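Spelled out, the chains give:
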Amino acid sequence: MIWKKCLLKAKEKVGEDALKNPLYEWNTVCETRARFTPWTDEQIALDDREVTGNEQRFIIPLPRHRVPECQRAEIDGIEQEITQVIDLSPRWTAIQVKVYKE
């Protein structure tokens, strides 16, 4: 298994600009490790291939109740949007992220 460094990030309001628009910053709320998990054949058959082509799943060694509220994950230095958090209690949590391929 190849474990990679994973930073879970949340959007936090840091102030307002001159026009009273909120200013946000992405802050790390948890540092852990993650491992890529491939889609199963059943998931590919049930889901639209567009979804499985644009999204990946990673497993993190934390139970769901210990995973903080977050919207992004930085894995291998690349920030990705979290689209789903899957409870695999008692030991694991899976996160599904949107992948932006170049």
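Residues numbered from 1 in each chain as written. Predicted model: local features only at pLDDT ≥ 70, side-chain atom pairs only at ≥ 80, totals over all residues. Heavy atoms only, no water.

### A short note on the pattern of salt bridges
Thinking step 1. Under the definition given, this model contains six salt bridges.
Thinking step 2. A salt bridge links Lys-5 to Glu-31; the nearest nitrogen and oxygen atoms lie 4.0 Å apart. Linking Lys-5 in strand β1 (residues 4-16) with Glu-31 in strand β2 (residues 22-37), this pair joins segments that are 26 residues apart in sequence.
Thinking step 3. Under the relative-accessibility criterion, Lys-5 is labelled exposed at 52%.
Thinking step 4. Between Glu-79 and Lys-9 there is a salt bridge; the shortest N-O distance is 2.9 Å. Here Glu-79 is found in strand β5 (residues 78-88), whereas its partner Lys-9 is found in strand β1, with 70 residues between them in sequence.
Thinking step 5. Glu-79 sits in the partly exposed class, given a relative accessible area of 29%.
Thinking step 6. It is possible to trace a salt-bridge network through shared partners that takes in Lys-9, Arg-72, Glu-74 and Glu-79. (Salt bridge = Lys/Arg side-chain N within 4 Å of Asp/Glu carboxyl O. Helix = DSSP H or I, 4+ residues; strand = E, 2+ residues; numbered from the N terminus. Buried < 20%, exposed > 50% of the residue type's maximum accessible area, 1.4 Å probe, protein only.)

### Some words on the sheet that holds β5
Thinking step 1. Read once around its circumference, the closed barrel built from six strands follows the order β1-β2-β3-β6-β5-β4, with strand pairing classed as antiparallel. Pairwise comparison of adjacent strand axes, ignoring direction, gives a mean angle of 45° for this sheet.
Thinking step 2. For β1 and β2, the ladder comprises 12 bridges, and the chain directions are antiparallel. Looking at the pairing, Lys-4 lines up with Ala-34 of β2. (Pairing = 2+ DSSP bridges. Axes fitted to C-alpha atoms, helices over the stretch in contact; angles between N-to-C directions.)

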